[in-house]
Amino acid sequence: MTAAPETKPFQAEVQELLDLMIHSLYTHEEIFVRELVSNASDALDKLRHAALTDATLLPEDEELCITLEADEEGRTLTIVDNGIGMSHEDLVSSLGTIARSGTKNFLKELKEKGGENNPELIGQFGVGFYSGFMVASKMEVETMKAGESQGWRWSSEAGGSYTIEEVEGLSRGTRIVLHLKDLDEDSTDYTKDFKLRELVTRYSDFVEYPIRLGEDTLNSMKPIWTRPKSEISEEEHGEFYRHLTKDFMPPLEAIHFKAEGTIEYTALLYLPSAKPMDLFGGGHQEPKSKVSLYVRRVQVSEECEDLLPPWLRFVRGVVEASDLPLNVSREILQSNPHVRAIQKRLTKKVIATLGTLMEKEREKYETFWSAFGATIKEGICSGGNEEDRLAKLSLFHTDTQEGWTTLDAYVARCPADQEKIFYVSGSDRATLAKTPHLEAFKKRGWEVLFLTDPIDEWLVDSLPEYAGKPLVSVHAGNALGESEDEGKTKNEQYAEAFEHLAEHLGAGVKEVRLSSRLTDSPGVLVSESGGPRPHMERMMREMHGQDMPTARILEINPDHPLIQRLLSMDSSEGGRAALDDFADLLYGQVLLAEGSPLPDPSRFSKLLSELMVGASPAN
Ligand code: ADP
Ligand code: MG
């Protein structure tokens, strides 16, 4: 007995997308061919893949292909594939909802900018299956999933709902019938042979399966990476990259080469122009690289993680090798010496390309760095022997430069007496620019790097020096290279008061001493060289939700009027209360200036209020 057809509403986002598609995006309607062909090609990939483990899914003599059927009189265009097909459940989840987060963002952007005025937006974005409704008043999908025996018909006129019913007598795969809208004078006829040929060659030439129209195969089926480099246009790279990644922005750069010799392979890699959503892993997933691996024309892994190190996970592309086994498991790939050799070579190639980009197209490189710099820095920390080359590629902001700078440029600017590379770390550039720690460095004309990426804390540990100069935090007590006993006599004079203050200020401060490093600020907290840095401590706190206080040294500026006041205060038992209040205020102020939280904010604000009342003109 056949069940009655069921009618279901589209998810709200789908309806929204459909409305936009039908009413505002018609200028680029022809891309529906590319989208439906791309889905058919994906379905064939999926079947071929499934058949690797279950050979019964794909009889040996069956050819995988995509067929277009045009009916000029009946005004239908049909796209058929003998791929994986869809079950009832697949139909509901794939053709009734939108799973891709990118689609939601795209919708938002379209609504904000207005689709009508920005037709290029749709040209840039894969809108998928639903794009069929730009040209069709009704779409019917007949499909049967590989390994199943029940077929289904999905149909919709886009009016808020779709219908699913059982169909008998289907064979494996999917058949999509577009009932084309009525032709008016200037609309395009998608049942015309020449139009379909034109669209397939423009958008889908690289599809690996034959796309047939009657007796003819319309696409060359020559994978783009097998063609001579000089013959591939930017547009073709763009289409292929989109096919591969579903990224709607064109790639920033293509890296295409053939390796000959003991291991032969062809690689076509792309640097994206914007940061994808999942760069730092979704949820608890370890970030992995993903490059498609082909062996003698057959895709053996869609997202192979062994062809590039994880810190190059933003690079996407294809590697086709001839000397690997076809049926490879994860373990085999991981330990295969050829795969390792390929990884090494690809890594070098990407690094070299980035070097050239940095030299020749600095602006483009800076765009790249803004999106992926933090990921490249992971490469320095991963101990993969590329530290020096990657450090050379790294860009930084500093206290004296407007834009990005390289370490080489920094070193070239160092005055003769500057033997170290200084850095200060924190969460953002603006706060760092104001930190009092920089005063002494500015006075000497010594530039300071701003480290604002979380990874930077590990970076400085992995990169102890560059061009013979050690990297030193401005927080390190000996950063300025002063001799230990500088100002010792003066410190001795206040020894008792300072000891008391250190004790009073508690766990965060282990010593109070006079400093010559400051000009405008009353005080600053430094750690002994090697001790954890304040930004690192903050991160640890955020990550582990716990305090791990490390005592630092409070250095105070004897030339500052506040400190002169402090030093003149009575430090004997009798004067302690006033001295302690003063010290708490000073300590709080120093913490605020470096962007650290206060240990006791309510006490701080109470003291501050008292001070303000005391200083008010009424008093
Ligand atoms: P995307 O291709 O980006 O996933 P689409 O809107 O193009 O988005 O397609 C949605 C989903 O519908 C696909 O992911 C796939 O699961 C399913 N689908 C579409 N066309 C086919 C087809 N010809 N064969 C099998 N599944 C398909
Ligand atoms: Mg698609």
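Residues numbered from 1 in each chain as written. Chains lettered and ligands numbered in written order. Predicted model: local features only at pLDDT ≥ 70, side-chain atom pairs only at ≥ 80, totals over all residues. Heavy atoms only, no water.

Q: For this particular structure, what's the right way to read the packing of aromatic side chains?
A: Where two aromatic rings form a pair, the distance of their centres and the angle of their planes describe that pair. The tally for this structure, following the rule as stated, stands at 21 aromatic pairs. A centroid spacing of 4.8 Å and a plane angle of 65° characterise the contact between phenylalanine 422 and phenylalanine 441, whose relative ring orientation is edge-to-face. Here phenylalanine 422 is found in strand β17 (residues 421-425), whereas its partner phenylalanine 441 is found in helix α14 (residues 439-444), with 19 residues between them in sequence. Across the pair, phenylalanine 441 and phenylalanine 422 agree in class, each one buried. It is lysine 349 that lies over the ring of phenylalanine 257; its NZ or CZ is 4.6 Å from the centre. (Phe/Tyr/Trp six-rings, centres within 6.5 Å; stacked < 30°, edge-to-face > 60°. Helix = DSSP H or I, 4+ residues; strand = E, 2+ residues; numbered from the N terminus. Buried < 20%, exposed > 50% of the residue type's maximum accessible area, 1.4 Å probe, protein only. Lys NZ or Arg CZ within 6 Å of the ring centre and 35° of its normal.)

Q: Can you help me understand the sheet that holds strand β23 (residues 552-556) in this one?
A: Think of a sheet as strands paired side by side through backbone hydrogen bonds, with each pair either parallel or antiparallel. Overall, mixed pairing links the three strands, which are arranged β21-β23-β22 in an open sheet. Looking at the sheet topology across the chains shown, the edges are occupied by β21 (509-514) and β22 (523-526). Taken pair by pair, the neighbouring strands of this sheet meet at an average axis angle of 25°, ignoring direction. As paired strands, β22 and β23 are joined by four bridges and run antiparallel to one another. Opposite glycine 523, over in β23, you have isoleucine 556 as the bridge partner. (Pairing = 2+ DSSP bridges. Axes fitted to C-alpha atoms, helices over the stretch in contact; angles between N-to-C directions.)

Q: Would you explain the packing of helix α20 (residues 576-593) against helix α21 (residues 601-615) in this entry?
A: For any two helices packed against each other, the geometry is given by the interaxial angle and the distance between the axes. Contact pair α20 / α21: the axes reach a minimum separation of 10 Å and the direction vectors enclose 115°. With respect to α21, the element α20 is oriented roughly perpendicular. Between α20 and α21 lies a crossing whose hand is left-handed. Residues Asp580, Asp581, Asp584, Leu585, Gly588, Gln589 and Leu592 of α20 form the contact with α21, whose own contacting residues are Arg603, Phe604, Leu607, Leu608 and Leu611. Grouping the constituent residues of the contact of α20 with α21 by class yields six nonpolar, two polar and four charged. (Parallel < 35°, antiparallel > 145°, perpendicular 65-115°, else oblique. Left-handed = near helix turned anticlockwise from the far one by under 90°. Contact = heavy atoms within 4.5 Å. Nonpolar A, V, L, I, M, F, W, Y, C, P; charged D, E, K, R; others polar.)

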